[in-house]
Amino acid sequence: MLNQLRPHQLRAMSMLRQSLGSGKRRPMLQAPTGFGKTILGASIVDGALKKGNRVTFVVPALSLIDQTVQAFWREGIKDVGVIQGNHELTNSARAVQVASVQTLQRRAFPDTDVIVIDEAHRWFKTYEDWMTDPLFERVPFIGLSATPWTKGLGKYFDDLLIAATTADLIEAGYLSKFRVFGPSSPDLSKVRTVAGDYHEGDLGELMDKPQLVADVVSTWCKLADNRPTLVFAVNRAHAKSLRDQFEQVGVQTGYIDAYTDVDEREEIRRQFHSGALRVVCNVGCLTTGVDWDVRCIVLARPTKSEMLFVQMIGRGLRTADGKQDCLILDHSDTHQRLGFVTDIGHQTLDDGNSKKAQGTQRDQAEALPKACPACSFMKPAKVHTCPSCGFEPERRSDVETVDGSLVALDGSKRKYSPDEKRRWYAELLGFACENGKSQKFALAQYRQKFGEWPYKKNGVRPVKPSDEVKSYVKSRMIAYAKRQAQVQNRSAAA
Ligand SMILES: [Zn+2]
């Protein structure tokens, strides 16, 4: 089996051998989305079997039992029993046991030489009891997780092994590249924090407002190019509002929450892949174990949790035929607060004692991305010129905002020569032409930009608009649409 492993999986196996060889008994292997964690798990099991060891592989949900058994079978590991209720594969004589933590809670711990805890960031008291049981003191417990950042894990695991990061896997082509736009910033200042994340009720109230919901959909229409899209909402009411708004503009949209049964979920998945559904709105339940071909992620659920954030983005990072990148439309301000998914990481496990906030170590703020004021593309820290639209903010940036929204502006006070202005007008005409707009439209844009009418306009022919001109006009149109929406909301409220 080892010779089928990818380089980062081989590295993980070798780090694990070294860790156990040096006497550690509680290693935690961090394997991000796209790592091939199942293959890695199978490889660990295979290695233990070859040494004549018995292995127990523990999963945190009943739904993962059969999936895991089948994955082992595919890798040629056939001697597998199951510990879960009265499962038909119950057979304690088998060398490999796949167990659900729920069943283990009610039974004696199985006799075994190696224990693998899958999805180990989902922590259960049973694990603590097992790991501290004197009978198991010398027995290796190997944790597997994409996000082993749960508070207190460091009390039970003694060695964090990072064989590859999300950035490494993107670089190596095992995960998709991504681009992020931050088209709006909700005001989270009044949202309470509970257990380390935003209060769900407060969030629901904040995010489920007609204008914000409409903004999510109109941004998607402008930027998403009809990509198959997963939308993360705060709660069921919010997900339904988003679904209704998408449907209202003619986008076929599905809805999934924790109560959606397996058959219906499968049907939605089928329609999503056939293109019958373009968008699926969900409430946090499509964060793990979903391998859909998603090419756009909409974050409408603000979170302080690095784990939830990484899991949500992870749904969009699988590679697929013809997929250039994943587009991320962040309406939750999460990138501004936590950084890019590739920035998130910890060199040590949380021991639960540390008083300081367990955020990703970075030069706060310094290293956080910022939205381009012209096109809302999220620029990495210290990048001045927007890589997406070419816009250059003024250095002493007093970024103008339109009606409190982030989408603004050209902000330029630079002087244009008569030739440059003429060129602008020609490009505005070109833009009007490409977009079915009139000459009047180009004139109005020109006047808004320069505060005057073009000089000798009659001799000017339309030319292909540059990115600078295109993004200027788009930013004006978005600002205009927002003002219109606000006027409408006001009159609707009156
Ligand atoms: Zn830009």
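Residues numbered from 1 in each chain as written. Predicted model: local features only at pLDDT ≥ 70, side-chain atom pairs only at ≥ 80, totals over all residues. Heavy atoms only, no water.

Colleague: Could you clarify how one ought to interpret the coordination of the zinc ion in this entry?
Modeller: Six octahedral donors around a metal ideally make angles of 90 or 180 degrees; four tetrahedral donors ideally make 109.5 degrees. Distances from the zinc ion to its protein donors, Cys372 (SG), Cys375 (SG), Cys386 (SG) and Cys389 (SG), fall at 2.3 Å. In this structure, the zinc ion is coordinated by four donor atoms arranged in tetrahedral fashion, with angles at the metal of 105 to 113°. Each donor residue of the zinc ion belongs to the same chain, and together they define the spacing C-x2-C-x10-C-x2-C. You can see Cys372 sitting in the loop between strand E16 (370–371) and strand E17 (378–379) and its partner Cys386 sitting in the loop between E17 and helix H13 (418–434), a full 14 residues away along the chain. Take Cys372 and Cys386: they sit in the same class, and that class is buried. (Donors = N, O, S within 2.8 Å, 3.2 Å for Na, K, Ca; no water. Tetrahedral: all angles 85-135°; square planar, octahedral: opposite > 155°, others 65-115°. Helix = DSSP H or I, 4+ residues; strand = E, 2+ residues; numbered from the N terminus. Buried < 20%, exposed > 50% of the residue type's maximum accessible area, 1.4 Å probe, protein only.)

Colleague: I tried to follow the packing of aromatic side chains on my own but got confused; where do I start?
Modeller: Aromatic rings considered in pairs are described by the distance between their centres and by the relative angle of their planes. Within this structure, the stated rule accounts for 20 aromatic pairs. Relative to Phe72, the ring of Phe57 lies with its centre 5.1 Å away and its plane at 85°, an arrangement referred to as edge-to-face. Linking Phe57 in strand E2 (residues 55–59) with Phe72 in helix H3 (residues 63–74), this pair joins segments that are 15 residues apart in sequence. Here the two residues Phe57 and Phe72 agree in accessibility, since each one is buried. If you follow Lys449 out to its NZ or CZ, it ends over the ring of Phe450, 5.9 Å from the centre. The cationic tip of Lys449 hangs over the ring face of Tyr472; the distance from NZ or CZ to the ring centre is 5.1 Å. (Phe/Tyr/Trp six-rings, centres within 6.5 Å; stacked < 30°, edge-to-face > 60°. Lys NZ or Arg CZ within 6 Å of the ring centre and 35° of its normal.)

Colleague: Got a minute to help me understand the pattern of salt bridges in this structure?
Modeller: Opposite charge on two side chains permits pairing when their charged atoms draw close. Considering all chains together, one arrives at 20 salt bridges under this definition. Close ionic contact of Asp129 with Lys125 constitutes a salt bridge, the shortest N to O distance being 2.8 Å. In this pair, Asp129 and Lys125 both sit in helix H5 (residues 125–131), four residues apart, roughly one turn of the helix. Assessed through its relative accessible area of 34%, Asp129 is described here as partly exposed. (Salt bridge = Lys/Arg side-chain N within 4 Å of Asp/Glu carboxyl O.)

Colleague: Where do I start with the environment of Ile117 in this structure?
Modeller: Along the polypeptide, Ile117 turns up in strand E5 (residues 114–117). For the pair formed by Ile117 and Met28, sequence separation is 89 residues and the distance between their alpha carbons is 9.2 Å.

Colleague: Teacher, can you tell me more about the domain arrangement of the protein chain here?
Modeller: Interface size is often expressed as the accessible area that is lost when the parts come together. Assigned domains within the protein chain: domain 1 (2–170), domain 2 (176–352) and domain 3 (418–488). One C-alpha centre belongs to domain 2, the other to domain 3; they are set 34 Å apart. (Domains from an automatic or database assignment.)

Colleague: How should the pairing of strand E1 (residues 27–30) be read in this particular structure?
Modeller: The side chains of a regular strand alternate between both faces of the sheet. Alternating positions in E1 separate into two faces, Pro27 and Leu29 on one and Met28 and Gln30 on the other, with burial throughout. Judged from the four bridges that link them, E1 and strand E7 (residues 159–162) form a sheet pairing that is parallel. The residue bridging Leu29 from the neighbouring strand is Leu161, located in E7. Across three bridges, E1 lies against strand E6 (residues 141–145) in parallel orientation. Counterpart to Met28 in the pairing with E6 is Gly143. (Pairing = 2+ DSSP bridges.)

Colleague: What should I look at first to understand the side chain of Thr303 in this one?
Modeller: Inspection of the secondary structure assignment puts Thr303 in the loop between strand E14 (296–299) and helix H11 (306–314). Separated by 2.8 Å, the side chains of Thr303 and Asp197 make a polar contact. In contact with Thr303, other than residues within four places in its own chain, are Asp197, Tyr198, Leu308, Phe309, Met312, Thr334, Arg337 and Leu338. (Polar contact = N/O pair within 3.5 Å; in protein donor to acceptor, adjacent residues only side chain to side chain. Contact = heavy atoms within 4.5 Å.)

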